[in-house]
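Notes for the structure review
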Amino acid sequence: MSTDTHPPSDPAAPHARALGAHRGTSKKKLISWALWDWGTQPFHTVITTFVFSVYITSDSFGSENSTSISLAVATVIAGVLIALIAPVLGQNADRKGRNISTLRNLTWLLVMLSAALFFVAPDPAYLWLGLGLLAIGSVVASVAEVNYNAALEDLADQKNVGRISGFGWGLGYLGGIVVLLLLYFLLISPDVGLFGVTDEHGMDIRVSMVICGVWTLLWTIPTFLNLKDRGTDRVTERVGILQSYRLLFASIGRIWHGSRHTAYFLLASALFRDGLAGVFTFGAVIAARTYGFSDGDVIIFGAVANVVAGIATIAFGVLDDKIGPKRVILISLGSLVVLGTLIFTLHDAGQMAFWVCGLLMTIFVGPAQSASRTFLARAIPAGKSGEIFGLYQTTGRAVSFLSPAMFALFVLLGSAITDETNTQYWGIMGIVLVLLAGFLVMLPVREPRDHPQQVR
């Protein structure tokens, strides 16, 4: 007997989903919401992917393999913390009706953590300080994203959520290119940059971290001026931490029994989103340490990649509303598996091979992420966005050890079966396998309109 049915009176039936009938939302609110992604993008683009991750895995902090494996370990630790706290904090934001206030506080904390990376000097003694700040920042950014995603409930409907989600994600990518170019041309590329900064003692990179914090602080001001908390009509009784976890497990049980395909989606997205995170975390490291990109080359590649990713994500957002998020996800994942395999195969073909394959990969990473968000948003019942997006973060982080662990495992495997001293390029195949697993689990999942959510 199918588990994907609901009685006529079920409040979680489609008419009671968070994304219901068409609602009018001002352009000012939509742009203010999207500017949060623009404003916080430096943490993901500059810090996590193209600048600080390359800096912290450079020779100044140790050998290529040892620093890459240390980065993987820090990523795993951050993932475990996110898995433990994201759904409970999201649930509490729903209960208090304070998702925007919570988002503001987490954003300000992210600002401070970004700026604090200034103190990571280029010396092995500072390796774990840098990785620790990076890991804590990842936790804060991920929990903030729960509240940011939950705000879709107040902005979008079933007909336009793909376009709105794609616009926000695409604007984030474009914000990434602007800040990357500013940092590159004003601080990193010149022999003497802005404020008289040079590369001595890594000051060009370290000052860039402070600018990232200031960027986030300034550009998220419209978000907190124009978006408001949901109000007291949704506030419910506060509960303790243990009770929050009991309620969480009860929600998981109701998802499993009432909307089995939502559970399947959470499993599939856990796999492929971890693979996508692996592409971001280790892509620039492979470019620098395997393909011989200089720090400046990595930044230029990142800038071009963000333009491509931003345009592609906005375009695929329109496609999401037309053909559905599942097809967008499968097209993206299949393409990434092929392109990732090519990067491994062509590792000794020169930098042009990485330019071509890497830029093609950026076309599909953003759409897969945005469509994953809209897939779930279409199924969430009203008033449960924070909790379910928190669970979404948790399921993603519950297996967040996979990509970094597979990356590290394949680097070690390459060392064991070859006589090469630098086998980082083997790590991409570990990430490809995670993406492939997500693709296979996603194949039988039904679209949201076919699996009504029954979490109450």
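Residues numbered from 1 in each chain as written. Predicted model: local features only at pLDDT ≥ 70, side-chain atom pairs only at ≥ 80, totals over all residues. Heavy atoms only, no water.

Its identity is not glycine, yet F195 carries a phi of approximately 65°, on the positive side. Its location among the elements puts F195 in the loop between α6 (161-188) and α7 (203-219). The residue H201 is not glycine, and still its phi comes out positive at about 60°. Topologically, H201 is positioned in the loop between α6 and α7. Judged by relative accessible area, H201 falls into the exposed class, the value being 54%. (Helix = DSSP H or I, 4+ residues; strand = E, 2+ residues; numbered from the N terminus. Buried < 20%, exposed > 50% of the residue type's maximum accessible area, 1.4 Å probe, protein only.)

Once their charged atoms are close, side chains differing in charge can pair, the charge on each being opposite to the other. Under the counting rule described, the total for this entry stands at 3 salt bridges. Ionic pairing is found between R163 and D321, a salt bridge with its closest N-O pair at 2.9 Å. Taken as a pair, R163 in helix α6 and D321 in helix α11 (residues 295-323) lie far apart in primary sequence, 158 residues in all. Here R378 and D321 are joined by a salt bridge, their closest N and O atoms 3.1 Å apart. Taken together, the positions of R378 in the loop between α13 (351-377) and α14 (385-398) and D321 in helix α11 put the pair 57 residues apart, joining distant regions of the chain. On the accessibility criterion, R378 (10% relative accessible area) is buried. Connected via shared salt-bridge partners are R163, D320, D321 and R378. (Salt bridge = Lys/Arg side-chain N within 4 Å of Asp/Glu carboxyl O.)

Summary statistics for the protein chain give a mean pLDDT of 81 and a share of 84% for residues scoring 70 or more. Ranking the helices and strands of the protein chain by mean pLDDT puts α7 first, with 95, and α14 last, with 70. Within the model, pLDDT remains below 50 along residues 1-16, and this stretch shows 30 contacts once partners closer than five positions in the same chain are excluded. Confidence over residues 450-456 falls short of pLDDT 50; this stretch has 41 contacts with residues more than four positions distant or in other chains. (pLDDT = per-residue confidence, 0-100. Contact = heavy atoms within 4.5 Å.)

With that out of the way, let us pick up a nonpolar patch on the surface. Residues W108, V210, V214, L217, L218, W219, I221 and L225 make up a contiguous nonpolar surface patch of roughly 720 Å² in combined accessible area. Top element by residues in the nonpolar patch is α7. It accounts for 5 residues. As for its position among the elements, L225 is in helix α8 (residues 221-226). Its relative accessible area of 57% is what places L225 among the exposed residues. (Patch = residues over 30% accessible without salt bridge, like charges linked within 9 Å, V, L, I, M, F, W, Y side chains within 5 Å. Areas by Shrake-Rupley, 256 points an atom, 1.4 Å probe, with all protein chains shown as cover.)

Here we come to helix α15 (residues 402-417). For α15, spanning 16 residues, the distance from its first C-alpha to its last is 22 Å, which sits close to the expected 22 Å at 1.5 Å a residue. Looking only at α15, the buried set comprises S403, P404, M406, F407, A408, F410, V411 and G414. (Expected span 1.5 Å × (residues − 1).)

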